[in-house]
Amino acid sequence: MRLLIVEDEQRLARSLAAGLTAEGYAVDVSHDGREGLHLASEGTYDLLILDIMLPGMNGYRVCAALRAAGHELPILMLTAKDGEYDEAEGLDTGADDYLTKPFSYVVLLARVKALLRRHAAAGRSPVHRLGGLTVDTAARRVWREEEEVPLTAKEFAVLEQFVLRPGEVVSKAEILEHVWDFAYEGDPNIVEVYISTLRRKLGAALLVTVRGAGYRLEAGR
């Protein structure tokens, strides 16, 4: 899943991005309200973490603009303010949840996971059964036949790209974009390493190479 953080405190933004990346999410960061609105409007994100006090455009206006344009991604608002009025204003503009600074990273992570689960449940079941493979995208657990297969956060994130698009060809570039982020400058062959690991753990025939295009999940195998 891909997350966007719009937060002008750069140290906090970096810290949140590092923690969420370690959990297996692809994370993009913006420090300006107008840029954040543009990214959230044009990009494909599963959740927005949005500060209220931002240069360019405050979080209330960013949230209201996204909702007015019909964007339904979950929004978790962050603010150094405190008080019922501020919380009510944030929720009235369309935010899904509200967290006051300073906050525990563990609490933020729990809120992020809860919002993602709620959003997934509203649209479809988080449990996907593909042949002998069962994947719970909310609990982030995988079973091959009746046996649970432990995956790292990044391994699960790669597998998830195929589970959500069964039978479709998923390119290496798409995996890099959604599992890592747009600023990734490492070796793109890292995708092949994770594909190899998933084949070893889940079955060599599960992920088929489509030469020159990418990979496809063979649900019946």
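Not measured: the values here are computed from a predicted model. (Residues numbered from 1 in each chain as written. Predicted model: local features only at pLDDT ≥ 70, side-chain atom pairs only at ≥ 80, totals over all residues. Heavy atoms only, no water.)

1. Focus: the overall build of the protein
Now for step 1: Looking only at helices and strands, one finds eight helices and 12 strands in the protein.
Now for step 2: Counting every position in the protein, which comprises 221 residues, the buried fraction comes to 43%.
Now for step 3: Considering only contacts in the protein between residues 6 or more positions apart, those separated by 24 or more positions represent 55%.
Now for step 4: Surface summary for the protein: the accessible area is close to 10800 Å², and the carbon and sulfur share equals 49%. (Helix = DSSP H or I, 4+ residues; strand = E, 2+ residues; numbered from the N terminus. Buried < 20%, exposed > 50% of the residue type's maximum accessible area, 1.4 Å probe, protein only. Contact = heavy atoms within 4.5 Å. Areas by Shrake-Rupley, 256 points an atom, 1.4 Å probe, with all protein chains shown as cover.)

2. A few points about the UniProt feature "modified residue: 4-aspartylphosphate" (unreviewed entry) in the protein
Now for step 1: Mapped onto the present numbering, the UniProt feature "modified residue: 4-aspartylphosphate" (unreviewed entry) falls at Asp51.
Now for step 2: Ignoring sequence-local partners within four residues, the contact set of Asp51 consists of Val6, Glu7, Asp8, Gly59, Leu78, Thr79 and Lys101. (UniProt positions renumbered as here; feature names shortened; annotations may be inferred.)

3. Description of the nonpolar core
Now for step 1: Residues Val158, Leu159, Phe162, Ile175, Trp180 and Leu202 are the most contacted members of the largest nonpolar core, which totals 25 residues.
Now for step 2: In terms of residue count, the dominant contributor to this core is helix H6 (residues 153–163) (six residues).
Now for step 3: Apart from the residues within four sequence positions on either side, Leu159 is in contact with Leu133, Val135, Val142, Leu151, Leu198 and Leu202. (Core = buried A, V, L, I, M, F, W, Y, C linked by side-chain atoms within 4.5 Å.)

4. Quick notes on the pairing of strand E8 (residues 141–144)
Moving residue by residue along a regular strand, the side chains alternate between the two faces of the sheet.
Now for step 1: Strand direction decides the pairing type here: strand E7 (residues 133–136) and E8, joined by four bridges, are antiparallel. Across the sheet, Thr134 pairs through a bridge with Trp143, a residue of E8.
Now for step 2: Connecting E7 to the next strand, E8, in antiparallel fashion are four residues, including Arg140 with a positive phi near 60°.
Now for step 3: By the bridge criterion, two bridges tie E8 to strand E9 (residues 147–148) in an arrangement that is antiparallel. Among the inter-strand pairings, Arg144 is bridged to a residue of E9, identified as Glu147.
Now for step 4: Linking E8 to E9, which pair antiparallel, is a turn of two residues; within it Glu145 sits at a positive phi near 60°. (Pairing = 2+ DSSP bridges.)

5. Quick notes on helix H2 (residues 33–42)
Now for step 1: Of all the residues in H2, the buried ones are Gly33, Gly36, Leu37 and Ala40. The arc enclosing the buried residues of H2, seen along the axis, measures out at 100°, which places them on a common side.
Now for step 2: In this structure, the buried side of H2 is in contact with strand E1 (2–6), strand E2 (26–30) and helix H3 (59–68).
Now for step 3: Measuring from the side-chain oxygen of the N-cap residue of H2 to the backbone nitrogen of Arg34 gives 2.9 Å; that N-cap residue is Asp32. (Arc of directions from axis to C-beta. Polar contact = N/O pair within 3.5 Å; in protein donor to acceptor, adjacent residues only side chain to side chain.)

6. A word on the packing of aromatic side chains
Now for step 1: For the structure on display, the rule yields zero aromatic pairs.
Now for step 2: The ring of Tyr25 is capped by Arg140, whose NZ or CZ atom sits 5.2 Å from the centre of that ring. (Phe/Tyr/Trp six-rings, centres within 6.5 Å; stacked < 30°, edge-to-face > 60°. Lys NZ or Arg CZ within 6 Å of the ring centre and 35° of its normal.)

7. Looking at the packing of H6 against helix H7 (residues 172–179)
Now for step 1: Direction vectors running N to C along H6 and H7 enclose 125°, while the axes themselves pass 10 Å from each other. Compared by their axis directions, H6 and H7 come out oblique. Note that H6 runs across H7; the crossing there is right-handed. On H7, the residues that touch Lys154, Ala157, Val158, Gln161 and Phe162 of H6 are Ile175, His178 and Val179. (Axes fitted to C-alpha atoms, helices over the stretch in contact; angles between N-to-C directions. Parallel < 35°, antiparallel > 145°, perpendicular 65-115°, else oblique. Left-handed = near helix turned anticlockwise from the far one by under 90°.)

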